[in-house]
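Close look at the chain arrangement
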Amino acid sequence: MDLPCVQWQDYVAQKWTGLDPDLRENFTSLLEIDDIFKCALSLTTQHDLDFVQSVSVGYSVKKDTDEAAKCRERGNSSFKARDYMAATLHYSQGICFAPQSSEQLSLCYANRSAALYHLQHYQECLNDIDRALKSGYPSHLSHKLQDRRSLCLSHLFVPEKSEDDGNLASKTTEGRGKVRTPSVGALSFGICPKVFVGYSEEKGRHLMALERITAGEVILNDRPYSCVLIPGMEEVKGKRGGGQDAQKNMTFGSEHRRCHLCLTETVCSVPCEGCSYSRYCSSGCRQQAWEEHHRWECPLGADLMVMGVMSQLALRVMLKTGLKKIQMARQLIRDQHKRYEPSSLNSASSDSPCHSDQSSPHTSNNSDSYINVFHLLHHINYQSTSLRFLSAVTVATLYLKLSKAGLTPLSWNESSSESYQSPGGPDEGDETEGSSEQWLLGSAVLRHMLQLRCNAQAIITLQDTGSENSPVRSIQEMRIATAIFPTLSLLNHSCCPNTSLVFSTGSAADPCARDEAADISESLCEDGHKACGVTVVVRAAKAIAPGQEISHCYGPHSSRMVHQERQRLLAEQYYFLCQCEACSLPEEVEQGRQQQPGARGGPHESGLLCFKCKGALKKSCKSKGSGFTCVLSTCNHHMSAGEVSHKLKDVRAALEKAVELMEREAPGDALRLLKRAESESGVILADTHPLQGELADATARAYATMGDWKKAAFHLERSAVATGFQYGEDSIELGQQLFKLTQLHFNGGARGLALSVIPKVRRLLCLHCGPHCPELQELKAMEDCLQG
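Residues numbered from 1 in each chain as written. Predicted model: local features only at pLDDT ≥ 70, side-chain atom pairs only at ≥ 80, totals over all residues. Heavy atoms only, no water.

Quick look at the overall build of the protein
Of the regular secondary structure elements, the protein holds 28 helices and 18 strands. Taking all 788 residues of the protein together, 56% fall into the buried category. Intrachain contacts of the protein at a sequence separation of at least 6 include 72% that bridge at least 24 residues. Surface accessibility of the protein: about 33,300 Å² in total, with carbon and sulfur atoms responsible for 50%. (Helix = DSSP H or I, 4+ residues; strand = E, 2+ residues; numbered from the N terminus. Buried < 20%, exposed > 50% of the residue type's maximum accessible area, 1.4 Å probe, protein only. Contact = heavy atoms within 4.5 Å. Areas by Shrake-Rupley, 256 points an atom, 1.4 Å probe, with all protein chains shown as cover.)

Thoughts on the confidence of the model for the protein
On average, residues of the protein score 82 in pLDDT, and 78% of them reach the 70 mark or higher. The low-confidence segment residues 161–187, where pLDDT is below 50, has 63 contacts with residues more than four positions distant or belonging to other chains. With pLDDT under 50 throughout, residues 355–363 is counted as low confidence; its partners more than four residues away or in other chains account for 45 contacts. (pLDDT = per-residue confidence, 0-100.)

Looking at helix α8 (residues 122–134)
For the α-helix, the turn length of 3.6 residues means that residues three or four positions removed from each other point alike. Its 13 residues give α8 an end-to-end C-alpha distance of 19 Å, which sits within 8% of 18 Å, the value for a rise of 1.5 Å per residue. Every buried residue of α8 is listed here: Tyr122, Cys125, Leu126, Asp128, Ile129 and Ala132. Taken around the axis of α8, the buried residues stretch over an arc of 165°, which confines them to a single face. The first or second residue beyond α8 is Gly136, which carries a positive phi of 90°. (Expected span 1.5 Å × (residues − 1). Arc of directions from axis to C-beta.)

Some details on the nonpolar core
Of all hydrophobic cores here, the largest spans 61 residues; its most connected members are Trp8, Leu315, Tyr370, Phe389 and Leu446. With 10 residues, the top contributor of residues to this core is helix α18 (residues 385–404). For Tyr370, the residues in contact, after removing those within four places along its chain, are Tyr225, Val317, Thr321, Lys325, Ile326, Ala329, Ala444 and His448. (Core = buried A, V, L, I, M, F, W, Y, C linked by side-chain atoms within 4.5 Å.)

Observations regarding helix α20 (residues 563–574)
Taking 1.5 Å as the rise per residue, α20 with 12 residues should run 16 Å; its terminal C-alpha atoms sit 16 Å apart, in good agreement. Regarding α20, the residues found buried are His563, Arg566, Gln567, Leu570 and Tyr574. Relative to the axis of α20, the buried residues are bounded by an arc of 95° and lie together on one face. Phi turns positive one or two residues past the end of α20, at Tyr575, with a value near 65°.

As structure tokens, this is what we get:
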């Protein structure tokens, strides 16, 4: 959970300690959100607001001419080093810092246009040239821009080469690191006809299969009611080297590189005119964000950074909704209280999933329906008093800041069409009738913040984290945003789920929607909204029988985590005892699996080898104490848990050092280190152990970087064996490894080997990502080329 900054958490904890015991007892006894918010509001003082202000100084998001100039200078240094991607990002940062109509703004736009030209982004270059001139670019230098404009136009009107030309498996500057989403038409949102919404007091509302669902079939399409980008460091996909200072300047957060509305990756962002933080991929996204939430968030500035992602997301949900819809949702709750037992609305049994809505089973499944969000469980009776107090005081503080600044959006309604204007506070007259009910807005924010404890969904994308001049892909998952999905929240948890989720960002969604989603119930997408921003497609990862519940994983997965750790995490965050298939395995089977998370073999297949005889190790019985024992009766050698852990840590440390060397473009040094680590790991690790798979993957990467495709493919095949053993032969993880293997075979000219792997890669990618995913398009291009 993305809580407020540590300074604010400590401050609130001290505030709680300093409260009168009677006040603490009174707050602890409160279980109604309205009462909790009113109590926190009465306890929040000007001193609290002043403390937030003092902390937020370190998170300043004000425009700053001097800082803009520094960013431009850093961009100039990268430009001189011909690192045009880094230069573009530095200039973009300068554009966000530069005040409107300042000379720095025009200079940053002009310089960014030069970097974009070298990146062959000609249309974006033209756009920046226009912006520079409109921002007052010095007239005596304007001839440079005009010359650049002519060059761009000459390139834009030259017929482009066929996409099939060149090395199909190689990566281009333009395509690296992006969440690729081909343009599509309107996308229907909702649940497929083979699925229905079930309801029980034990599980709340959940999805069940009405008919048999085949593996790979689309179950639902959804978009978030609201989402917030997560600030965090990601490495720029640019050239490396140049000393320590260059390395220090080569990192940017996701907040610098993605649109703050649709989350698409962009190097030429359009800035908010009022703050230096928010930026967008287009003026359209900036306009939409301004109308929906940013005209209220912008004046709060750094305060939102102090309060954390969850606070901002809860606030954003309220800002998007407005008072009228909140009142309607509250009225519906009151009406349902008359028809249902109150205990069924705010309680859950010990095995009840926390994402489930236990209110009326007839609630709409429209993604834009606030009713869905309002009805999600908050589990206030399970959350600790300290967490409730932190959440309540945080929301009360934000509420008072909004109120004192005259920013409370009482008159906001869903059909607002205000045009974007320079931030300067709300329009006069926002405080209309109903001001006596302002507290309802604060109560709604608190409700959503408590809900997000177990209803927030991380938006995950696959990011290429390798350097720009690396010949091989280095893919890892990136958590780029936190969102609340009304329909997706209907899926309960399983540690071995029967679905796969694929997120898309930007102005596109899954292309298969036009075909596969044609059967999605039209009644569930009555708003006719076109796919824009963030979307998620849920597919069946395996065949699902009629009457079987549809589930997905909240994080603790049986292939990555042992049973006890999964149970602990699920109980701490989601307040239930998981009883899924993986958690219901017999004890002796589970003990075997605990030796190696994700092991698909029997109870003795831990992936660990006996140091003496190379036989398999199994976890020792309690009578022998903690540790591992050889399964061969002729050996029966025992190794302590500490001894095994020490050896694994040594191998892990060597692996991490080797990866670091590769990032520094020293594959030879990395390979020597990996060979030593592989020799040491072979003594204790079987080929199926996950760590052995990681070593083989890193070794393959090193060989590929050096151009030895045959040896790279050999080691990647070994990695694929471990991946399949850990995650399963039908897993997306195996599909991604085999996709890389296909690329290695293709680059190495191994025609027969590449063609032999392609069918399995196609099956796995189609199963989890749909038949139109970009990787399948690349796979088809490679296959066509290989077949002549």
